[in-house]
Amino acid sequence: MEREAISINDDTMNCITGIMLSDGHIQQRSVTGNGRFIFTQSGKPEKREYFDLVLEVMKPFCSANYVPYAKEWLDTRSNTINSSISLTTMQLPCFTSLHKV
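The numbering scheme is per chain: residues are counted from 1 as the chain's sequence reads. Local features in this predicted model are restricted to residues of pLDDT 70 or higher, and side-chain atom pairs are both shown and tallied only at a pLDDT of 80 or more, whereas totals for entire chains, interfaces and linings draw on every residue. Just so you know, side-chain values use all the structure's heavy atoms and leave hydrogens and water out.

A. A look at the packing of helix 1 (residues 10-20) against helix 2 (residues 48-58). At a minimum axis distance of 10 Å, the contact between helix 1 and helix 2 shows a crossing angle of 135°. With respect to their mutual orientation, helix 1 and helix 2 come out oblique. For the element pair helix 1 and helix 2, the recorded crossing hand is left-handed. Side by side, helix 1 and helix 2 meet where Thr12, Cys15, Ile16 and Ile19 of the first sit next to Tyr50, Val54, Val57 and Met58 of the second. Counted by class, the contact of helix 1 with helix 2 contains seven nonpolar, one polar and no charged residues. Helix axes use the C-alpha atoms of the stretch in contact, all axes being lines fitted to C-alpha atoms, and the angles between their N-to-C directions lie in the range 0 to 180 degrees. Only DSSP runs of H or I with at least four residues qualify as helices, and only runs of E with at least two residues qualify as strands; both kinds are numbered from the N terminus onward. The labels follow the angle: roughly parallel below 35 degrees, roughly antiparallel above 145, roughly perpendicular from 65 to 115, and oblique for the rest. It is the rotation of the near helix from the far one that decides the hand of a crossing: anticlockwise by less than a right angle makes it left-handed, clockwise makes it right-handed. Only heavy atoms enter the contact rule, under which two residues are in contact if any of them lie within 4.5 Å. In the scheme used here, Gly and all other residues not listed as nonpolar or charged are polar, with Ala, Val, Leu, Ile, Met, Phe, Trp, Tyr, Cys and Pro taken as nonpolar and Asp, Glu, Lys and Arg as charged.

Structure representation (structure tokens):
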């Protein structure tokens, strides 16, 4: 499917709007490039169900066989291991339009 033909329906737009009020944003890496949607949250197990729901909504905007990015790191101040999980969509004109709003 051509990237220009990918659009955001009203239900998905409502979801994106809500997610952008919390842990989501649209990034446009250059003036001439398209925008992409990024959602990141703590990797705590109790938050995974919500992350998976967001991933399901955003899958049509991700590449085939997309795998979310997870990372862990040591917080030396508290000596605890922290984690996060994130998803990043393809760079698409529909996200560029939202970024400009």
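B. Representation of the nonpolar core in the model. Core analysis: the largest hydrophobic core is formed by 19 residues, its most contacted members being Phe37, Met58, Phe61, Leu87 and Phe95. Contributions of two or more residues to this core are made by helix 1, strand 2 (35-42), helix 2, strand 4 (80-88) and helix 3 (93-100). Element by element, the count of residues in this core is highest for helix 2, at four residues. Ignoring any residue separated from it by four or fewer positions in sequence, one finds leucine 87 in contact with Phe37, Ile38, Phe39, Phe51, Val54, Leu55, Met58 and Tyr66. Side-chain atoms within 4.5 Å are what join buried Ala, Val, Leu, Ile, Met, Phe, Trp, Tyr and Cys residues into a set we call a nonpolar core. Three labels apply to residues, based on accessible area from a 1.4 Å probe with only protein chains included: buried if under 20% of the type maximum, exposed if over 50%, partly exposed otherwise in between.

C. Just the pairing of strand 3 (residues 69-75), in detail. Here, strands pair whenever DSSP counts at least two bridges between them. Looking at chain direction, strand 3 and strand 4 are connected through seven bridges and run antiparallel. Considered in strand 4, the bridge of leucine 74 is made with isoleucine 81.

D. Summary view of the side chain of glutamine 41. Within the element layout of this structure, glutamine 41 appears in strand 2. Aside from chain neighbours lying at most four places away, what touches glutamine 41 is Asp23, Lys47, Arg48, Tyr50, Phe51, Ser84 and Ile85.

E. Molecular detail of the packing of aromatic side chains. What counts as a ring pair is set by centres within 6.5 Å for rings of Phe, Tyr and Trp (its six-membered ring), and what kind of pair is set by the plane angle: stacked under 30 degrees, edge-to-face over 60, tilted for all other angles. By the definition in use, this model includes four aromatic pairs. Through successive ring pairs, a cluster of aromatic residues spans Phe37, Phe61 and Phe95. Two conditions define a charge sitting above a ring: the NZ of Lys or the CZ of Arg must be within 6 Å of the ring centre, and it must be within 35 degrees of the ring normal. Cation over ring: lysine 71 sits above tryptophan 73, and NZ or CZ is 5.3 Å from the ring centre.

F. Geometry of the environment of asparagine 14. Residue position: asparagine 14 is located in helix 1. With a relative accessible area of 56%, asparagine 14 lands in the exposed category. Between the C-alpha atom of asparagine 14 and that of threonine 40, which follows or precedes it by 26 residues, the distance is 18 Å.

G. Representation of the pattern of salt bridges in the model. By salt bridge we mean one thing: a side-chain nitrogen of Lys or Arg within 4 Å of a carboxyl oxygen of Asp or Glu. Scanning the entire structure with this criterion turns up three salt bridges. A salt bridge links arginine 48 to aspartate 52; the nearest nitrogen and oxygen atoms lie 2.9 Å apart. Residue arginine 48 and its partner aspartate 52 are located together in helix 2, separated by four residues, close to a single helical turn. Put simply, lysine 59 and glutamate 56 hold a salt bridge, and the shortest N to O gap is 3.8 Å. By relative accessible area, lysine 59 is classed as partly exposed at 44%.

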